[in-house]
Amino acid sequence: MDPRHKKKKLRSYSYNFVCSEHFEESDFAYQPFTGMRMIKKGAVPSKFSFTKNCPERKRTSYTFGASVPDPEEPKDDASGKVSTGVQTDMTMDQIAELIKTSSVRTDLLEKLQATLSMRPFTVNVMTDGQLKDLTGFDKMCFKGIFNFFKLEECLEHRTKKCILSKANQLFLTLLKLRHNLTNRILAILFKLTLCSVNLVFNRCILIMFTKAKEVNIWPSVDQVKAYMPPIFFQSFPSCRVIIDATEFYIQKPGNPTAQQASFSTYKNYNTVKALIGITPSGAISFISDLWFGSISDELTLRSRLIDKLDRGDMVLADRGFTSLETEFAKKDITLITPTFLKDKVQFPVSERSSNKNISSHRVHVERAIASIKCFRILDGVISLA
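Calculation criteria
Residues numbered from 1 in each chain as written. Predicted model: local features only at pLDDT ≥ 70, side-chain atom pairs only at ≥ 80, totals over all residues. Heavy atoms only, no water. Helix = DSSP H or I, 4+ residues; strand = E, 2+ residues; numbered from the N terminus. Buried < 20%, exposed > 50% of the residue type's maximum accessible area, 1.4 Å probe, protein only. Contact = heavy atoms within 4.5 Å. Areas by Shrake-Rupley, 256 points an atom, 1.4 Å probe, with all protein chains shown as cover. Patch = residues over 30% accessible without salt bridge, like charges linked within 9 Å, V, L, I, M, F, W, Y side chains within 5 Å. Salt bridge = Lys/Arg side-chain N within 4 Å of Asp/Glu carboxyl O. Expected span 1.5 Å × (residues − 1). Disulfide = S-S within 2.5 Å. Core = buried A, V, L, I, M, F, W, Y, C linked by side-chain atoms within 4.5 Å. Phe/Tyr/Trp six-rings, centres within 6.5 Å; stacked < 30°, edge-to-face > 60°. Pairing = 2+ DSSP bridges. Lys, Arg positive; Asp, Glu negative; His and termini not counted.

> Any details on the overall build of the protein chain? Residues and values, ideally.
When helices and strands are tallied, the protein chain shows 14 helices and nine strands. Burial statistics for the protein chain: of 385 residues in total, 28% are counted as buried. In the protein chain, of all internal contacts separated by at least 6 residues, the share reaching a separation of at least 24 is 55%. Per element, the accessible surface of the protein chain, about 26500 Å² overall, is 56% carbon and sulfur.

In structure tokens:
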């Protein structure tokens, strides 16, 4: 209480409080279970700073559920030791053992951190087999990709620097493309922040896309024939390209029109579709733009594949492209597809052997598409965000 209020008449309200310093110790009672101090009923404050100097009250400490010590004088226990406010059931030997165990764990953690720092997760410590399992390319191919996209120069001109080397930035990008690892896992492996992982991946993808789209992968007739396998040349000597369509699952669009346009009756899901073409030797020579999954024969026409073909060329395709024979015939291009059974009970021997021959040569385009989908970033549903 403030001494200035000594002669003033103070009014009592329901929200007035008196400090515990103004009560004697005998005015308090201790709760039997919690040890909390409660003021006794009828106790009156009798200690004031303007009457006598009050010594500072020693704060009590208790353990929840423990017995309450005598507030006047601490008692000795059976061992002759004076009890304190903080109680524990552990002996000194147990405490020493706990400290020893904690120090051992700390030493093991420091050794593990030192081992990880000596052998970081980088492309330099990878063997050919390990690098191929992680990225799909051995060291020679990895170096060729790095030099082809000129990442040493392109990443150097970026405004924000990265603690990873240029080769490790490509390693991170290929690792995400191959296994579709989350950014959080990549941040742990490369000891980066989530923001840095996202920045590195977007940079490399942008550079690779910009460089790759400028490359003309469509070969000339002479190049196709020069690398055509002999067994292929015997059956289809004029074959220029083998085509097939593939689909990728996408997130369901919010726009009802886009939902209807992207819904594929073949996959029974919202998809995007692309036309893939390969040469008889197996090299990918044509990749169309992505179109919504509901598109059918128009995909081949809109991709402008026919504009790249010359007169007299031959195209191998699946039965689903049979309806485009007239469009190819207008430019003197032969479309080879397996025949339909239609009203026949079974195929004649000649048609059966022809279908088998076409299918055995056409299957290579499906293997090429399977090699593309080995990159698991295309596996599952692709987000539209």
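From this point, the discussion proceeds with the structure in view.
> Can you tell me about a nonpolar patch on the surface, naming the residues and giving the values?
A contiguous nonpolar patch, built from Phe148, Val215, Ile217 and Ile287 and spanning about 350 Å² of accessible area, is present on the exposed surface. Looking at the secondary structure, you find valine 215 in the loop between helix H7 (194-212) and helix H8 (221-226). By relative accessible area, valine 215 is classed as partly exposed at 40%.

> Report on helix H5 (residues 166-179), specifying residues and quantitative values.
When the terminal C-alpha atoms of H5 are compared, their 20 Å separation across 14 residues agrees well with the 20 Å that a helix rising 1.5 Å per residue should span. Of all the 14 residues making up H5, eleven are buried; the element is thus mostly covered by neighbouring parts of the structure. Residues Lys166, Asn168, Gln169, Leu170, Phe171, Leu172, Thr173, Leu174, Leu175, Lys176 and Leu177 constitute the buried set of H5. At its buried positions, H5 is contacted by helix H2 (128-135), helix H3 (139-148), helix H4 (151-154), helix H6 (183-190) and H7. Positive backbone phi, at 55°, marks asparagine 180, one or two positions downstream of H5.

> Quick one: what's the story with the state of the cysteines, residue by residue and with numbers?
Disulfide: a covalent bond connecting the sulfur atoms of a pair of cysteines. Counted by the stated rule, this structure contains zero disulfides. Cysteine 154 takes part in no disulfide bond, and the closest cysteine sulfur, belonging to cysteine 204, lies 9.9 Å away.

> Which residues make up the nonpolar core, and what values do they have?
The biggest cluster of nonpolar side chains holds 27 residues, and the ones touching the most others in it are Phe142, Leu151, Leu170, Phe171, Leu172 and Phe190. Listing elements by their share of this core, those giving two or more residues are H3, H4, H5, H6 and H7. Excluding its chain neighbours within four sequence positions, the residues that come into contact with leucine 170 are Phe142, Ile145, Phe146, Leu151, Cys204 and Met208.

> An account of the packing of aromatic side chains is needed here, citing residue identities and associated values.
A complete count under the given rule lists seven aromatic pairs for this structure. With a centroid separation of 5.0 Å and an interplanar angle of 80°, the aromatic rings of phenylalanine 148 and phenylalanine 149 are classed as edge-to-face. The class for phenylalanine 148 is partly exposed, based on a relative accessible area of 46%. In this structure phenylalanine 149 comes out as buried when scored by relative accessible area, which is 11%. Considering the side-chain rings of tryptophan 218 and phenylalanine 286, the 6.5 Å spacing of their centres and the 80° angle between planes classify their relative orientation as edge-to-face. Of this pair, tryptophan 218 sits in the loop between H7 and H8 while phenylalanine 286 is found in strand S6 (residues 284-287), placing the two residues 68 residues apart along the sequence.

> Quick one: what's the story with the pairing of S6, residue by residue and with numbers?
Of the pairings in the sheet, the one linking strand S5 (residues 269-278) to S6 comprises three bridges and is antiparallel in character. Bridge pairing links isoleucine 278 to isoleucine 284 in S6. Linkage of S5 to S6, two consecutive antiparallel strands, is achieved through a turn of five residues, within which glycine 282 is found at a positive phi near 105°.

> Break down the pairing of strand S3 (residues 239-249) for me, citing the residues and quoting the values.
For S3, a buried count of nine out of eleven residues is recorded, marking the element as mostly surrounded by other parts of the structure. For S3 and strand S8 (residues 314-316), the ladder comprises three bridges, and the chain directions are parallel. Bridged to cysteine 239 within S8 is methionine 314. As defined by bridge partners, S3 adjoins S5 across eight bridges and the pair is classed as antiparallel. From the neighbouring strand, isoleucine 242 faces S5, where its bridge partner is isoleucine 278.

> Outline the environment of serine 262, listing residues and values.
Mapped onto the fold, serine 262 is located in helix H10 (residues 256-262). C-alpha separation for the pair serine 262 and valine 272, spaced ten residues apart in sequence, amounts to 6.5 Å. Setting aside residues up to four positions removed in sequence, serine 262 forms contacts with Ile250, Pro253, Tyr269, Asn270, Thr271, Phe292, Gly293 and Ser294.

> Account for the side chain of lysine 176, naming residues and giving values.
Residue position: lysine 176 is located in helix H5. Put simply, lysine 176 is tucked away with no salt bridge, and the nearest opposite charge, on aspartate 379, sits 14 Å away. Setting aside anything within four residues of it in sequence, one finds lysine 176 in contact with Leu181, Thr182, Asn183, Leu186, Phe201 and Ile377.

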